[in-house]
Structure formats: C-alpha cells, structure tokens
Amino acid sequence: MPIPNILPATRAPTRYVREPVCPVWLDKTEFDLTKHDPERLFDLCQRKVRDSQRTLDTTRKLTESLHNDPQYQYANAVQAFEELRKEHLQLNDSYNDLETINETIQEVVEVLRTDKHQLLAELNTLKRDISIQSIENTKLALKEKESAAFHEGLQKKLESQEKQMAQLDDELKDYTNSQIQINNEMGVLESAAENLSLQTASLAELRDHLDVTRVQQQEAIQSLENEIEQKKNELESHDEQLWDFKRDMSARILALQRKVNSGNEELARLQRLSEHEMDTLSHQNRTLNEELKSKSDQLFATRKEMSEFANSARREMNIKKEEVQQCLSIIDLVEKQNAGLEASIARMLEQNRVSENQIQEKDNINNKNLIEQANFIAMVHMELQTVREDLYMIKSRLCHHCRDRLLAEEELHDEQERLAELEKGPAAYTQNALQDPNLPQIAGAPQGELTHAGAGPLTQPPLGGAPEDEEAESEKRRVQEELNKAHEALEALNRQLLEEREQRDKERREEEAMRLQEETDRLARAQEEEEARRRQNEDDRRKEDGEPAKNFTIRFVNGTKKRVEAFLSDTVQDLINRVCSKIGVRPSEMFYISHAVNENSVLGMVDRFLDKSKTLREEGLNTKCILIFKFKHYKKLVNWLDTNIQDRYFQQLHHNVVSEYYLNPEKLAVGLAGYELQAVFGDATGRKRYGYFDEVGLDAYLPTSVTPLGYEYWQERLFKTHKKRYGYFDEVGLDAYLPTSVTPLGYEYWQERLFKTHKKRKNLPPMKAREKYIDLLRERCPHWGMTFFDIRDKENRPFIAGVAEDGLHILTADKRVIIQSLKFVGGHHQLAGWEKSATGIFVKKRDSKLMTLYASSKLQTEEMYNLLNEYYLMLPRDVQEGLDIDISDRDKIAARLLPPETFHPPAVERTAPVEFESRAEYLKALYLEHVFSADDNDESQGPIIKFLNQLDECLDTDTAVEVMDISGAGMNDSDWALIADLIIRSLEYDPATEPAITPYDRMRNWKDNLLITKLDIADNNLTPASVAPTRDLLSHCVNLADINLSGIPLDNRHESELVEPMLKLNLQSLAMNRCSIGDNGARALLELLGNGNLHTVHLNYNRITANVVAELVECLDRPYCALNNLGLASNRIQLRGLEIIIKVMDRARRPETLNFADNPLQVRGGQRFGQLLEQQCGLTDLDISNTTGAMNITGDVALYITRQMLNNPEIDRVNFSDNPIGQNLHQLTDPEGQVTRDLPLEFFTFLEREAICNITVLELNRCQLTADHGAALVTALLDNFKLRKLEVSGNRLSLSDGGVSQGWIDLLETTSTLEHLDISRNGYLKQGVTVLMSAIARNRSLTSIIMDGNRATDLQERPNGGPTVSYGEYVYAFSTNRHLRDVRMADMGITDEVWDSICEGLAENRFMRKFSAPDNLITTRGVLDSTKHLSLNTTLEDLELTCKSVQENEDEYMRAYKFFIDNTNIETILL
C-alpha cells in the first residue's frame, strides 16, 4: 500500500502530449512567452530574418569584392590551368599505359592459347600412358588371379580326394558286414537243406534257385572286391605323388636353409672383413692425414706465394673483361632501346591525336567533381553557420552589457584577422580564401569568466525566476562540442584531400614504375620469343639430321611434374631454358637442375647438380633419371625483378620448412604459415577461412584406385556421410602449411589459430607476404639456407654438414644442435681454406695450422666443395679481397654465377637452435607432452583448448601472458592440478641449466613472458580437492592482482588455506561467487581487507549473514581499506546488515559499487536504499534486482527510491530487474475520474532533462511495466542526453493491439546518446515491429538492439510459399542505418520473406558486425535464397540462424551450411 509520509503531494502532471519544439535559433524563455501569441512570434521572426539578411548582405559584398580582385581571378585561373595541365598529362600517361596493357594482354592470351594446346597434347599423352599402365596392371592382376585359382584348385582337389578315401573306407566296412551276414545266411540255408532233404521236391527247386542266387552274389562280391582293390591302388598312387611333392618341398626348404646359413656366414665374414678393412683403413687414414697435413701446410705456403702474382693478374684481367662486357651490353641495350623508343614515339604521336577528345571529356568530369567538392564545402559552411547561430543564441541569454562587450570583442577579433591577412598580401589572402571559402569564423567566448561591469561572475538570467547555471553550462558544453565536431570535420576533410593527393601521387609513381617494368618485360619477352624461334629452328634441323628427341620428366619442389622434350646434345642450360619456357618463367642464373641419386645415406636422396656447360650426354642422363628443377643457392636478392622467380624460391623454402628439412619451433612455424596464407589467399575472409586445406588430402580418405572422379564428387559424397564441419580433407592438408611435429592438436584447433594469424597479415600483397616469409625465415630459422650432407669423423660417427651462405656448419645427426660453425667472416672459428679428396673434404681454420677431414661419399664431397667455392665467390668483393682464399678455376666458377652485388650480404649472426625461447613456449610444450602421453588411468580429459588459446595468443603476438582466463572450460580437478603444477614448473625453469654440446648463450633470446596478473578459473567442475594446487599456484605467482575462484566449493572450511598465500600478493580484485562460503569462511577472508590495494570483492551467492557484515564494516572504517566494489548478492543478509552498511557508507563514502540483489529484505529494506541514495555517499552503481524473489521491491518503494535519485548526481547505474514495480504504480484519480497524480510519470522524473541525476545505465527487465509506464518513460527520455543503455525486456510495453506508441518512435528518431536498447518480449506484434523498424532506420545513435520474443509476422499469416508480402521497412532499416553493429531478433516468427527483406537490406550495409536470429521460422529454401544478398556484404562477421526447421533434415542442413560457406564472407555461421 502507498506510504503517505514518504510521498509528498505534487502537482498532477498531464499525460504525454507532443508539444511544439523550440527551434534552435530561439531562446526557450522567449519561446514560452510568444508561442501562444502569433503576432509577437511573427515580429520576433521578422527581426531574426532581418538580422540574417544583413549578415548575408555583408557576406555577399565581401565575396563580390574578393571575386572582383584581379589577383584572385588570376590566381584562380593559374590554379585551374595547372590542374587541367596535370590532369591532361596524367590522362595521356594513363591512356598510353592502357594501350600497352592491352597489347600485353593480347600477347599473354596468345601464349596461354599455345600453352593450352601443349597442355592438351600432354594430357592426351598422359591419358594414353595411364591407359597402357592400367592394361598392364589388369594383365598382372589376371595372372595373379589365375595363379591363385590354380593353387586353390589343387587344394580343393586334395580335399576331395581325402573325402573320397574316407567314403571308400566306409563302403569297405559296409561290404565286409554284408559278406558276413551272407555267410551266416548260407550256413542257415545249408543246415535247413540238410534237415529238409527228405521233404518235398519244391524244396529242391528252391535250393537250386538259392544256388543260383549265391553264385550271383559271389560274383557281385568279387566285382566289389576288385573295385576296392582298384581304389586302393589309386590312393596309393596319390599318396606316392604327395610324398614325392613333400620330399621335393623339403629338399627345397633344406636348400634354402643351407643358402641362408651360407649367406649368414658370408655376411659375418664380410662384416669381419669390413671391420678389419675399416681398422686398417682408419690406421692408414691417420698415417695419411699426418703426412697430408704436413705436406698441405707446405703446399699452402707455396700456393699462397705463387697465387699472389696470379691473383693480381687475374684481377686486372677480370676488370678489363667486365669493362668490355659492360660496354657491349650497354651498346646492345641502347640499340634495342632506340628501336623500341622509335616505335613508341610513333605510336604515342598517333595516340596523342586520338586522345584529345577523351581528355576533353575527362576534363568535364573533373570539373563536375570540383563542383561536387564545392557543394560539399558549402554544406560544411551551412553546418558552421548553424553552429554560429547556436552560439548567438547562447549569447542572447546574456545581459545586454555582456552581449555588447562580447560582440565588440568578436568584431574587433574578426577585423584584426582580416587586416593581418591583407597585410600578408593579396596572394596569401587569395590562397586562404581558396582553401576555406567560408567567412571568417567567429571566435569563441574569451577565456576566463565574464563579469557584469566588474560586479562578480556572470550568471545566466533565470528561467521562471530561478537561477539555472547548470543548464547554461551544459548548453555551453554542447555548443563547444558541436564547434569541436565542426572543426574535426574540416580537419578530416583536409586530411582526406591530402591523403587523396598522396594516393594519386603514389599511384602515379606506381604506374610509372609499372610502365618501366612492362617495357623491360616486353623487351625480355621479345628476346625470349627470338630465342624460342632460334631453338625451334635448331630442333627442326636436328630432327632432319636424324637425331632423336627424348622426353625427360622434370620434377618441381611443389610436387608437380612436367615432360620436356630435349636432345642429348643439348646443354644443361638449354634444358633449363626449355623448362622455363614450359612453365612460363623467365630464365634466370639462379635456376639449376639436379639429378637425385640414392646413396642410402642418412639424408636419403642426394642432389647432384648438373654442370650447365655440359651436354646431357656428357652428364650421363637418360629418360629414367630423377631430375629436379630447383634453386641451388639460398641467397636473398636485393631486388626481385620477376615475381615468378620469387614465387618459385618461396615454394622451395616452404617445402624445406613443412618437410622438416629445416627444423623450426612452433612459434616460427605459425608465423610463417600466416605469411603463406596471405600470399596464397590474399586478405582473410570468412569464405577463404574454410578453404585453406581443401583439395589436398583426398588420398588419405580413399584408395587412389577409387578416386578418379575428383575432388568435387567426393567432397559432396563425404559431406553427406559425415557430420563434422565443412572441409573434410583439411586435416590432411594441414601438413601443407605446418611441419608434422607441431600439429598434434588436429584440424579444429589449427583452423581457428591459423585464421587468427592470417587476419593479422591484412592488406599485404602476395609479393610482400612472400618477402616477409623469406625475411622471417632468414632471421629466425637456425638452419636458414643450409644444404645438408652426410659426413663422419675419424671415429666413424655420423654427423650432418650444412653448407650455407655464411660458411660450413657441423650438426648432430638429428640437426637439433650446431656443434661448430666455420664461417667465412666472424664467429669463433673462420674458414681459411678447403680441399677435396677421395675420402672427403679437408677444412682449414684460421686459428689452427692443422686441417680437419670430414669423410663423406665422393658425390657429396664434390657437391660440398662446389657449394663452398660458389658461396665464397658470392660474398661482397671487399670481403673476398680481405679473406684472400685461393679458389681453383675461380674465373670459370664466377662466370656462371650472378654478381655479388645482386644479393644481400650474409646474416652476421645465426639464431641458435634452442627448443624454447620463452617460458610460455616451455609451458605449452610441457603441457602437450603430459596430455598426449597420459595413461589410460589418468582422469584428464584431453587438452583444455581455452588454456592453449591463452598461450597461443602470447606466442603469436609476441606478448606476455598476463591474463590466465580458463573460466567455463570444463576442467576437472585432474586437469587443474596438472595445469597448476606445470605453471609452477615453468616459473621455476632455468634455461641456463639445460645440457648443451656447444656453449652458446641460451639466455640471449630468452623471454620471461609468464607474468600472470589475473587468474580466472570460475565455473569449472572443481571440487575441494582443487584447493591444494590453487594454493601452491598462488604462492608462486607473485604478480597476481586479480583472482576469480568462483564455483569452487570451499564449504566454509578451506578459505583459510587460500588466504595465507593471498596475503603475500598485491591483490586488487577477488571474486569467490558460488563457493559455499559461510560466516566462518568470510571471517577468514576479512584479513585480506588489510591490503591497501584491494578495491573489489565479490562474494555473491554464498551463505553470509549480517553477523559478518558488522565485522566487514569495521574494516571499511579503517583508513588503509581501499574497498570500492562490493558484491554480496544472494546471501542471507537481512535488514540489520543493510542498515550497518548504510551507516558505514555515510561515514567512509565507500564502496562506490554495491550489489545487494536477492537478499531477504522486507519493505523497509527497499526504503533504506532510498535513504542510501539520499545521503549521496559516493555510490555510483547499485544492483537491487530480484531474480530469486527475496528482494520484492514494489512500485511505491521504487517510487521513493527514484525520488531520492532525482537530486543525486553520483549514481550512474541502477538495476531494478525482476521486481514487481508495475503492480501498484499507476495513475491516481479523484471520485470524478480526474487524474490527481500520475505515478508512472513521477517514477521516471529522475530521467528528465532538468533532473540532477546523471544516470547512464538503467535496467528494468521483467518489472511488470505496461504501455502507460512506457509512455511515461519515453516522455522523460525525449530531452535526456545522458542515458546510454536501457533494458526493459520481459514487460508489456506494447499497446493493446500490439502496436508501438508515438513516444517510442520519437525517442528512436531524436535520441543522440542512447547506444544500447533491449525491448525483447514486450508483446509487439507485426504492425508494432514494422513501425519500430522504420524508426530504427532514422536512428543515429544505437549500436546494439535486442528485439527477441516480439512478433515480426501475424499468427494467421499465410505459410512460407504463399503470395509475396512486402517488408520494405526491414530493407530500409538495415540498408540506411550506419550505426548498428549488433542486432538480435530471436524467436520473432521470422519467415523466409522477412528474412529475405532483412538480407536485402544487409546487402547494402557496411557497418553491421553481428546478427542473431535463432528460433525463427526460416526454412532451408530461405537460407539458400538469402545468400544472393549476403554475398554482397563484406563486413558481417557473425551470423546465428539456429532454427529447428533447418535442422529437421540433416541432408538439407548440410547443404545449406555448405552453400552459406561457399557464397558468403561471414566468418562464423551457426545454423
């Protein structure tokens, strides 16, 4: 019931009526006086018009005088002439460039057409070869089947014979039994015959008959016996055959065993012999080494003396040869350039005559653009004039004396500015006028306070007799903000013009460079065509002479192959040129062809690089040789003249990385993968996100013999039979981007991580991305540029030798440790020379007189020796002169290499191959090792992805791990114990203690990037068993300042265990929600308040009572307590505890944020909140929501609270949610029905413009508000410029017919500050939602809106597929609104037609980032049809359309999902 002693009587406010709005040029007081007097209003308007007319006349005169100034006209004409001349030159250059590009495209088309025919011919050849191979495979399969059938027939025949033998034995037994029975019968008959011999004659006949029968039976028995004998003979013959076969097999087995034994004996003998020979050889080698070392020293000394003269002579000869070669090349180049320039001049003269009309048309377009820019400047001028008028309105509120003084000062200031500009000269004044054609801007109010004739500070005249200084100040601030915005707009315009000019200059420079490059390419193409014609003629001549052409298969590092036709008399260089012509790459000195030879070494195949000057016959090549087209030297070019060469170089380096030829840590591998994705796919989009690994790993799912239908067929087929997300071949394609050793976590993890890494490489062109890839690999990879060889030391231990641009490196067999680096320049050891021998390569150091032999095969020794010579000759010339190492055939080797100036110098220092460079890397490696090597009995449930993401973010961005947020990750006690233990071990890890073969500094690049300041493990599946690892972790993380342990059941017993380590921390924030903390546990936590930095404590959803609150208050009274944010929601604190808190807040003025929701308070408790606000004790954030029903603040109590908020300037946020405020908050009427008090209007008075309250966030969710309350709310908000966030979901703010009141429309159209609005589930029907969409289209402040639960369509509306209904409001809203970033429209009955209209609007929207519309009536057809609109949107990142109608049919769901991915750029899609 109402509280009369609390609510004072107030005037009866009227209902909401939209009153006339005061114009901006008129003072509100004058407007109130004249709005009902038309004559006075007309006179006031006439005066304003006359003032404006005078100002306009003055402006017009000044403009006319300025335009009549001849210097101004001359400057304008000169500027226009210069601009037109520049445009003419630019257009002429652009036209010439376009003509050149057109010719280039035509030539490319012809080349592509020729390549197409060649590819078709090759395709037919390959098809024929495949057919032949398939036929041969079929024949082999048939033979194999016949052999198997023959053996199977033999086996079946043997089994049938065994069965027949068993049957014959059974028949023999039956025959024997029959014979015995017959003999018995014969005995019976004989005895009967003897006994009846004297009987009748008939018995004699019977006896005769029986005799005959007996003879027949004996004959039958004899025949059966004969058959049995025959079968026995056959069985004996078969047994003999089987025994013969068995003897033969036994003999063969014995022979094989004897051979095996003899082979083993021979192998043992050979092993003993080889060991003896190795011992002998090692002894001889040691002897020879000693002799060779002594002789080599003598030879080196002799050679050094003899080579000095030869080197000096050689240098002079090289200099002369270079000069001659340069002169010849310059002559050839000048001749070619002259010919090209003559043709270009003739073509340009013709083009110049043709382009005059086009230039004139473009001049007209430029003039039109100038006019549009002038219109834009005029619009800015109008906005400035509007701001100026507002400033005049402010000044009009001043007293007469101050207004005269201010205007006089401004006029004097303006006059001084004009005189200063005129003194600078007409040219400067003209230039300023050209840059800003507006009138000189009126100066702002002078600094300091104006006074009334020296009688104190200036105050605004009162409105209605009361002073309103705050309103004047706010109006001044608003005008100042508008002036600042205008200045910012002008500055932005100037910046835009400068950026456009800079962009045009950049484009012009790029076009010039492109034109020069195209000219160079054209000359190169001409040379290549001439060379191709010469080669073709030479080939025709050879074929006429009868020399056969051979088809060589050339392999590339990316796995592809090409068949190239060449003659054995061709040189290797000719073969390289043929390959370059085949693949469309300009020939380069960097290209080589290697012959892969299998030496059964540790490294497998060894590359034998072919001599370019030798013929294929001299190199001993045939069509079966494995030939690889690749780079031999890993050097970075100063300038990549051909992008195709750079791409090939990049592919070879990438192959070395992913094949783990170069070992790289995970951090470097991911960084390289990001640059590779940028180079291959361009900028990251949602569509490309799911295409990284496609068409890579089909063979991993199906045998090769069943996959001739290709990727598309199997993608569709496997898509229907698998429920995983799109991209089934991706897990296999992962190896195309990362080494196998860093990819144990699978596709889902790497898909997300690589996409994040790819997005960081945005706006990087492919060539630049490849260059960044090369630079990063060169800088961070310890094996950069190495070519590896298999070597052994004098003890025959295996090692790896790596030859690179900086020298020779000796590595362990697994390449993980560099044992010794022998560099050309720098380092602990320097190379002084090298020699090859039959057993390996001899290396001499500068700090030693001895030579070291590294044994290897003859081929690998030759390759190492050649590489060292070539890398040395590619060093800078001054470095070579300083080292002065003698190289055999120096001139011959240097002639086939690019000059040293072409390359960057070698890196000064090489990165050491350490396994970890930071604590975060060590922690992740340690964690993955434990997770993937866990026993079956381990309760761990696999890697915690959220934990890994924290570490990945640190590694990928090269930052420190400061926030460890593992909340809601589904951890159990075992997972958390493992993570906590590994974090402690990582913090204690000392990299300097790691064993190492070489003494390099492990701490050189080490980073202590595990600096955890925030720990959040809330909302996991933890039990009290997790307290111990948490305590240990808190003891080691000395930088922790923010801790969230919510959800751990401490049960009022374990709190003290955690307090002890927390006391040693500089703790600032602590959250322990839902921890089952009672009074005893809370008392233990009170000790933490002695920390002078702890400002936030959240103990929500526990069992704390008022007894502990009294002790808490004592802590708040202490001077060292810094608590400003206190959360005690949903505890057992009653009214007494609240009163204690209010008393201490009145004294201590803290905390500033108080969450007291869901505590068991009565009506008086709500009144106490009003008293708390009335005290103005520093409270800025108050949460008194009622989710559990324990608070239950009614309308009259809430009205009392808001009345106290009216004059409280401190409160910033209030949450009234879930309280029954609307039940008894209604209009009060007298017996005659007249409204005496409008309680809803009074409730929202604190939101009116005149209120002192500065609230920015208001939450009134599920407060039983109706349309009357909504009308009162918008009435107060129409003039409000403070509120930023409003939530009124779960009420009934719609009208009785489901519509929207005019007040909401006016609010959405006029508000300039409201940024977030939640009006979900307020009963709005189709007409209401449509009107809201129209208002949203004109809104200019909202960035997010939630409309869940309202109805976008009528319930009786026709189903999907009926007649089309127009929803143009949705199209207009989403196509014109440029401020909304996040929209949610769940459970609104959105049909396919509504969704299509929304998507049509989103097609033109470039500002929306997230759109959610789950639980609607959108069908699969609607989803598929919407992609034609959403494919045009380039900014939408997240889309949620979780609808049951789409999920009912799994095939349709998969089809829709795949269609969305293939046709839109959205990053995250939920269906």
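Observations concerning unusual backbone geometry
Phase 1 of the analysis: In this structure, Asn1052 takes a positive phi of about 65° despite not being glycine.
Phase 2 of the analysis: Mapped onto the secondary structure, Asn1052 falls in the loop between strand E15 (1042-1044) and helix H24 (1055-1062).
Phase 3 of the analysis: Note on Asn1052: relative accessible area 23%, which makes it partly exposed.
Phase 4 of the analysis: Positive phi is not limited to glycine here, since Ser1130 has a value of about 55°.

Considerations on the sheet that holds strand E1 (residues 550-556)
Phase 1 of the analysis: Within the open sheet, the 5 strands sit side by side as E2-E1-E5-E3-E4. Their pairing is mixed. Of all the strands in the sheet, just strand E2 (561-566) and strand E4 (604-609) have a single pairing partner and so form its edges. Strand after strand, the sheet turns through a mean of 45° between neighbouring axes, direction not considered.
Phase 2 of the analysis: Pairing analysis gives 6 bridges linking E1 to E2, with the strands arranged antiparallel. Paired with Phe552 across the bridge in E2 is Val564.

Quick word on the packing of helix H35 (residues 1392-1402) against helix H36 (residues 1420-1430)
Two measures define how a pair of helices packs: the angle their axes make with one another and the distance between the axes.
Phase 1 of the analysis: Two elements in contact, H35 and H36, have axes separated by 8 Å at closest approach and are oriented at 15°. The pairing of H35 with H36 is recorded here as roughly parallel in orientation. As for the relative orientation of H35 and H36, their crossing is right-handed in sense. Taken together, the residues of H36 that come into contact with H35 (itself represented by Asp1392, Glu1393, Trp1395, Asp1396, Cys1399, Glu1400 and Leu1402) are Arg1421, Gly1422, Asp1425, Ser1426, Lys1428, His1429 and Leu1430.
Phase 2 of the analysis: Looking at side-chain class alone, the contact of H35 with H36 contains 4 nonpolar, 3 polar and 7 charged residues.

Side note on H35
Phase 1 of the analysis: Across the 11 residues of H35, 9 count as buried, placing the element largely inside the fold.
Phase 2 of the analysis: Looking only at H35, the buried set comprises Asp1392, Glu1393, Val1394, Trp1395, Ser1397, Ile1398, Cys1399, Gly1401 and Leu1402.

Notes on empty space enclosed by the protein
Phase 1 of the analysis: Under the definition given, this model contains 9 cavities of 30 Å³ or more.
Phase 2 of the analysis: Ala1082, Leu1086, Val1097, Leu1099 and Leu1112 are, among the 15 residues lining the largest cavity, the residues nearest its centre.
Phase 3 of the analysis: Among the elements of the structure, helix H25 (1079-1085) and helix H26 (1106-1117) are those that each provide at least two residues to the lining of the largest cavity.
Phase 4 of the analysis: In terms of residues, the lining of the largest cavity owes the most to one element, H26, which gives 3 residues.

Quick word on the packing of helix H20 (residues 919-932) against helix H22 (residues 973-988)
Phase 1 of the analysis: Put simply, H20 and H22 touch, their axes get as near as 9 Å, and they point 140° apart. Judged by the angle between their axes, H20 and H22 are oblique. As H20 packs across H22, the resulting crossing turns out to be right-handed. Along the contact surface, H20 presents Arg919, Tyr922, Leu923, Leu926, Tyr927, His930 and Val931, while H22 presents Leu978, Ile979, Leu982, Ile983, Arg985, Ser986, Leu987 and Glu988.
Phase 2 of the analysis: Residues that form the contact of H20 with H22 fall into these classes: 10 nonpolar, 2 polar and 3 charged.

Considerations on the pairing of strand E7 (residues 798-804)
Phase 1 of the analysis: The buried count for E7 comes to 6 of 7 residues, which makes it a mostly enclosed element.
Phase 2 of the analysis: Two elements, strand E6 (residues 787-792) and E7, share 6 bridges in a ladder whose sense is antiparallel. By the bridge assignment, Arg792 is partnered in E7 with Pro798.
Phase 3 of the analysis: Joining the antiparallel neighbours E6 and E7 is a turn of 5 residues, in which Asn796 adopts a positive phi near 65°.
Phase 4 of the analysis: Between E7 and strand E8 (residues 807-811), which follow one another and run antiparallel, lie 2 residues.

Quick notes on the pattern of salt bridges
Phase 1 of the analysis: Scanning all chains against the criterion turns up 49 salt bridges.
Phase 2 of the analysis: The closest approach of N and O atoms between Glu589 and Lys612, which form a salt bridge, is 4.0 Å. Of this pair, Glu589 sits in the loop between helix H9 (572-583) and strand E3 (591-601) while Lys612 sits in the loop between E4 and strand E5 (627-631), placing them 23 residues apart in sequence.
Phase 3 of the analysis: With a shortest N-O distance of 3.9 Å, Arg797 and Glu795 are connected by a salt bridge.
Phase 4 of the analysis: Owing to a relative accessible area of 47%, Arg797 belongs among the partly exposed residues under this scheme.
Phase 5 of the analysis: Looking at Glu795, the relative accessible area reads 48%, which means it is partly exposed.

Quick notes on the nonpolar core
Phase 1 of the analysis: Within the largest apolar cluster, 173 residues are counted, with the highest numbers of intra-cluster contacts made by Trp1304 and Phe1411.
Phase 2 of the analysis: Not counting chain neighbours up to four residues away, the residues in contact with Phe1411 comprise Phe1374, Val1383, Met1385, Trp1395, Ile1398, Leu1402, Leu1436, Asp1438, Leu1439 and Glu1440.
Phase 3 of the analysis: Counting residues in each nonpolar core, the second largest holds 77 residues, with Cys580, Phe789, Leu811 and Leu831 among its members.

Some details on the side chain of Thr1256
Phase 1 of the analysis: By secondary structure assignment, the location of Thr1256 is in the loop between helix H30 (1239-1243) and strand E24 (1257-1259).
Phase 2 of the analysis: Residue Thr1256 is classed as buried on the basis of its relative accessible area, which comes to 18%.
Phase 3 of the analysis: In this structure Thr1256 touches Asp1212, Lys1282, Leu1283, Arg1284 and Lys1285, once residues within four positions along its chain are discounted.

Here is what the cut-offs are and how they apply
- Residues numbered from 1 in each chain as written.
- Predicted model: local features only at pLDDT ≥ 70, side-chain atom pairs only at ≥ 80, totals over all residues.
- Heavy atoms only, no water.
- Helix = DSSP H or I, 4+ residues; strand = E, 2+ residues; numbered from the N terminus.
- Buried < 20%, exposed > 50% of the residue type's maximum accessible area, 1.4 Å probe, protein only.
- Pairing = 2+ DSSP bridges.
- Axes fitted to C-alpha atoms, helices over the stretch in contact; angles between N-to-C directions.
- Parallel < 35°, antiparallel > 145°, perpendicular 65-115°, else oblique.
- Left-handed = near helix turned anticlockwise from the far one by under 90°.
- Contact = heavy atoms within 4.5 Å.
- Nonpolar A, V, L, I, M, F, W, Y, C, P; charged D, E, K, R; others polar.
- 1 Å grid on protein atoms, 1.4 Å probe; cavity = no way out; pocket = protein on both sides within 12 Å on 5 of 7 lines; lining within 4 Å.
- Points joined across faces, edges and corners; volume = space filled by probe spheres on them.
- Salt bridge = Lys/Arg side-chain N within 4 Å of Asp/Glu carboxyl O.
- Core = buried A, V, L, I, M, F, W, Y, C linked by side-chain atoms within 4.5 Å.

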